[in-house]
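# Structural characterization, general
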Amino acid sequence: MTVSQQNSLTEERDKLKRINLRWMVFSGSLYTVSSIQKNWQESRDDCIQKGADLVTINSQEEQNFLNQFDKTMWLGLTDLETEGTWKWVDGTPMTERYWGPGEPNGRTSENCGHIKQFNVGKRWNDGNCNTKTFWTCEKKVSP
Ligand code: 2F8
Ligand code: CA
């Protein structure tokens, strides 16, 4: 096989991988949950490359939807810009808050939000952004 044939096969394989991503529909958005673990920024980059962004949680129903995946996952939630001011990556206000008991507690060392445990009421945690964990991308379809 020539190098150029090899390259086009690799391209095709990568295209198929992207097409075969399983997007789930929930309340006007598409979601895909990672099967590997990355740090917060790498997770966000992956979502952006898929035409999406890290998930934002705007209702209890959306939180329940995510809980079913039984995975610790990065959220599109950070206070990297201003310590103590938590913001969703899409700029929507953080009206729903599901911090676990005592969280957020990391001050300058923990600036990225994730779901730490599931199937329990409030379990968001501020974690160290360099920690690798699963993540969920959300592509908003309707506003
Ligand atoms: O007990 C809560 C505490 O648990 C971990 O630290 C031991 C978390 N660290 C990470 O997820 C990196 C803390 O953020 C959390 O507050
Ligand atoms: Ca914490």
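An account of the accompanying structure is given in this report. These numbers come from a predicted model, not from an experiment.

### Focus: the overall build of the protein chain
A tally of helices and strands in the protein chain yields three helices and eight strands. Across the protein chain, helices and strands are ordered from the amino to the carboxyl terminus as α-β-β-α-β-α-β-β-β-β-β. Here the C-alpha coordinates of the protein chain stretch approximately 60 × 30 × 25 Å along the principal axes. When the accessible surface of the protein chain is split by element, carbon and sulfur atoms take 50% of a total near 8400 Å². Charged side chains of the protein chain number 18 positive and 19 negative; the gap between the two group centres comes to 4 Å.

### Describing the state of the cysteines
Covalently bonding the sulfur atom of one cysteine to the sulfur atom of another cysteine gives a disulfide. Taken as a whole and assessed by the stated rule, the structure comprises two disulfides. The side chain of Cys-47 participates in a disulfide bridge whose partner is Cys-137; the two sulfur atoms lie 2.2 Å from each other. A torsion of -85 degrees about the S-S bond marks the disulfide between Cys-47 and Cys-137 as left-handed. Of this pair, Cys-47 sits in helix H2 (residues 40-49) while Cys-137 sits in strand S8 (residues 134-140), placing them 90 residues apart in sequence. Judged on exposure class, the residue Cys-47 and its partner Cys-137 are both buried.

### Quick look at the site of ligand 1
Close to ligand 1 lie Glu-103, Asn-105, Glu-110, His-114, Lys-116, Asn-125, Asp-126, Asn-128 and Thr-131, which account for all nearby residues. A distance of 2.9 Å is found between an oxygen atom of ligand 1 and a backbone nitrogen or oxygen belonging to Asp-126. Protein chains shield 53% of the accessible area of ligand 1, which is 400 Å² for the free molecule.

### Focus on the pairing of strand S6 (residues 112-115)
Side-chain alternation along S6 places Cys-112 and His-114 on one buried face and Gly-113 and Ile-115 on a second face that is also buried. In terms of strand pairing, strand S4 (residues 73-78) meets S6 through three bridges, oriented antiparallel. Directly across from Trp-74, in S6, lies its bridge partner His-114. As defined by bridge partners, S6 adjoins strand S7 (residues 124-127) across four bridges and the pair is classed as antiparallel.

### Let's talk about H2
What H2 keeps buried is the set Trp-40, Ser-43, Asp-46 and Cys-47. Along the axis of H2, the buried residues cluster in a sector spanning 125 degrees; they form a single face. Those residues of H2 hidden inside the fold are in contact with strand S3 (53-54), S4, S6 and S8. Among the residues of H2, the N-terminal cap falls to Asn-39, whose side-chain oxygen and the backbone nitrogen of Gln-41 are separated by 3.2 Å. Following H2 by one or two positions, Gly-51 adopts a phi angle in the positive range, close to 75 degrees.

### Describing the pattern of salt bridges
Summed over all chains, the structure comprises five salt bridges. For the salt bridge of Lys-87 with Glu-81, the shortest nitrogen-to-oxygen distance reads 2.9 Å. The partly exposed category is assigned to Lys-87, whose relative accessible area is 39%. Take Glu-81: its relative accessible area is 68%, and that puts it in the exposed class. Between Asp-90 and Lys-140 there is a salt bridge, with its nearest N and O atoms 2.6 Å apart.

Scoring rules and cut-offs
- Residues numbered from 1 in each chain as written.
- Chains lettered and ligands numbered in written order.
- Predicted model: local features only at pLDDT ≥ 70, side-chain atom pairs only at ≥ 80, totals over all residues.
- Heavy atoms only, no water.
- Helix = DSSP H or I, 4+ residues; strand = E, 2+ residues; numbered from the N terminus.
- Areas by Shrake-Rupley, 256 points an atom, 1.4 Å probe, with all protein chains shown as cover.
- Lys, Arg positive; Asp, Glu negative; His and termini not counted.
- Charge placed at Lys NZ, Arg CZ, Asp CG, Glu CD.
- Disulfide = S-S within 2.5 Å.
- Buried < 20%, exposed > 50% of the residue type's maximum accessible area, 1.4 Å probe, protein only.
- Near = heavy atom within 4 Å.
- Polar contact = N/O pair within 3.5 Å; in protein donor to acceptor, adjacent residues only side chain to side chain.
- Pairing = 2+ DSSP bridges.
- Arc of directions from axis to C-beta.
- Contact = heavy atoms within 4.5 Å.
- Salt bridge = Lys/Arg side-chain N within 4 Å of Asp/Glu carboxyl O.

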